[in-house]
Amino acid sequence: MARNLLLGALFAVVSILAQAQEPIRVGAFLAVTGPAASLGDPEKKTLDLYIEKLNAAGGVLGRKLQLVAYDSAGDAEKARTFVKRLIEQDKVDVIVGGTTTGETMAVVSLAEQAGVPFISLAGAVVIIEPVKKWVFKTPHTDRMACERIFLDMRDRKIERIALISGSGGFDKSMRGECLKVAPTFRVQVVADEAYGGGDTDMTAQLTKIKNSAGVQAVLNAGFGQGPAIVTKNYKQLGIALPLYQSHGVASKEFIKLAGEAAEGVRLPAAAVLSPEQLPAGDRQRAVSLSYKKEYEARYKQDISTFGGHAYDGLMIAVEAIKRARSTDKAKVRDAIESTKDFVGTGGVVNMSARDHMGLDLTYFRMFEVRKGNWVPVN
């Protein structure tokens, strides 16, 4: 009897030790290639960099982190295939990824059914409204982008605008959100045009906007290469009205793609877009400058807000695992939901059972392109 008890105790100890040696598996599906590569590539590089850094410092809970990542190329069907693999075969403890809204929404049901904590890096409000038990996100929503832009327009006495948007999930969602909240800001949408995901010329749509009576500014709801084409065509047509873009192009890559035509473009974005211009007392200054220094030293390329979204998602997950003192998925989910006063590149995050993003407009700042750089407005 005593011998059996001893063997049972030894087996339990061995099991615990073996589990302790198992890596903490972080799953990711990202658009590293394809139309959204300007978003997904820095996200993947950021995860690589900081998982390596965390492991060099001893890991989490005495265990190494292992990144299991797949390139979805922004394709919803590929995303579903990869997330099934992450859950069923790779047995990941948490998922940080989903570059685009379309691929994120395609896998929400999988995460919910499996009970795996999932932190998306995509923008649309539909990801977290209504609240989904296992789903969270790091970037500000498309609705908030509309609200921040309309506040800036109000300051500039702009009341009549034209919308132009792409055909992707984020584009459609942001267009819809802008139409919903425009009346609240006394903004009237007098023209509403759209372009396809593969379009390489938007002069026809922009010509209609140019000929629309009373338009005072144009807002492009989109991400990826489409907004750069819109910006180039805008200048080619000699449209002199203010042009606004979404936070879906908040990177130097957009300026490179659009060239001189980007001058004067405005958009809302996280402070990490230009952290050296934050005041000394700003809570985000230290973390944003540190991220910029480490990322640019490693990859020899400019940071973007998109890589920042991945940094925030990973660190929120890591801090949750530490607080849960476990990789038990339910405990980690609860810890993510209880995230409070987390200072990230996107802002200071305070989540709750009713808010699975935890950001407000305070940390959504307006930027303008001036002499080839993003400069804070006001």
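Treat the numbers as computed from the prediction; the structure is a model and nothing was measured.

(A) Just the overall build of the chain, in detail. In terms of helices and strands, the chain carries 12 helices and 14 strands. For 378 residues, the compact-globule estimate of 2.2 N^0.38 gives 21 Å, and the C-alpha radius of gyration of the chain, at 22 Å, lies within 12% of that figure. For the chain, the spread of C-alpha atoms along the principal axes amounts to about 90 × 40 × 35 Å. Within the chain, contacts between residues separated by at least 24 positions form 68% of all contacts whose residues are at least 6 apart in sequence. With an accessible surface of roughly 16,100 Å², the chain has 52% of that area assigned to carbon and sulfur atoms. Where the 49 positive side-chain charges of the chain centre and where its 42 negative ones centre are 3 Å apart.

(B) Inspection of the domain arrangement of the chain at higher detail. The domain architecture assigned to the chain consists of domain 1 (2-140 + 286-362) and domain 2 (142-269). Between domain 1 and domain 2, the C-alpha centre-to-centre distance is 31 Å. When the area that domain 1 buries against domain 2 is broken down by residue, the three leading residues are Val125, Asp302 and Leu361, summing to 31%. There are 2 salt bridges connecting domain 1 and domain 2. Salt-bridge contacts for Glu129 lead to Arg143; the nearest nitrogen and oxygen are separated by 3.1 Å. Viewed at the interface, domain 2 and domain 1 are joined by 5 residue pairs in polar contact (both at pLDDT 80 or more).

(C) Seen up close, the pattern of salt bridges. Evaluated as defined, the whole model comprises 21 salt bridges. Between Arg143 and Glu177 there is a salt bridge, with the nearest N and O atoms lying 2.9 Å from each other. In this pair, Arg143 is assigned in helix α5 (residues 142-155) and Glu177 in helix α6 (residues 169-181), connecting sequence segments 34 residues apart. A relative accessible area of 6% means that Glu177 is categorised as buried. One connected set of salt bridges, linked through shared partners, spans Asp152, Arg156, Arg266, Glu368 and Arg370.

(D) Structural detail: the nonpolar core. Counting 91 residues, the largest nonpolar core has Phe150, Met153, Met174 and Leu219 as its most contacted members. Element by element, the count of residues in this core is highest for helix α11 (residues 305-324), at 11 residues. When residues of this core are assigned to domains, at least three map to each of domain 1 (2-140 + 286-362) and domain 2 (142-269). Excluding its chain neighbours within four sequence positions, the residues that come into contact with Met153 are Ile158, Ile161, Ala217, Leu219 and Tyr244. In terms of nonpolar packing, the next biggest core, distinct from the first, is built from 28 residues, Ala162, Val230, Val249 and Ala269 among them.

Calculation notes
- Residues numbered from 1 in each chain as written.
- Predicted model: local features only at pLDDT ≥ 70, side-chain atom pairs only at ≥ 80, totals over all residues.
- Heavy atoms only, no water.
- Helix = DSSP H or I, 4+ residues; strand = E, 2+ residues; numbered from the N terminus.
- Rg over C-alpha atoms; globule rule 2.2 N^0.38 Å.
- Contact = heavy atoms within 4.5 Å.
- Areas by Shrake-Rupley, 256 points an atom, 1.4 Å probe, with all protein chains shown as cover.
- Lys, Arg positive; Asp, Glu negative; His and termini not counted.
- Charge placed at Lys NZ, Arg CZ, Asp CG, Glu CD.
- Domains from an automatic or database assignment.
- Buried area = accessible area lost by both parts, 1.4 Å probe.
- Salt bridge = Lys/Arg side-chain N within 4 Å of Asp/Glu carboxyl O.
- Polar contact = N/O pair within 3.5 Å; in protein donor to acceptor, adjacent residues only side chain to side chain.
- Buried < 20%, exposed > 50% of the residue type's maximum accessible area, 1.4 Å probe, protein only.
- Core = buried A, V, L, I, M, F, W, Y, C linked by side-chain atoms within 4.5 Å.

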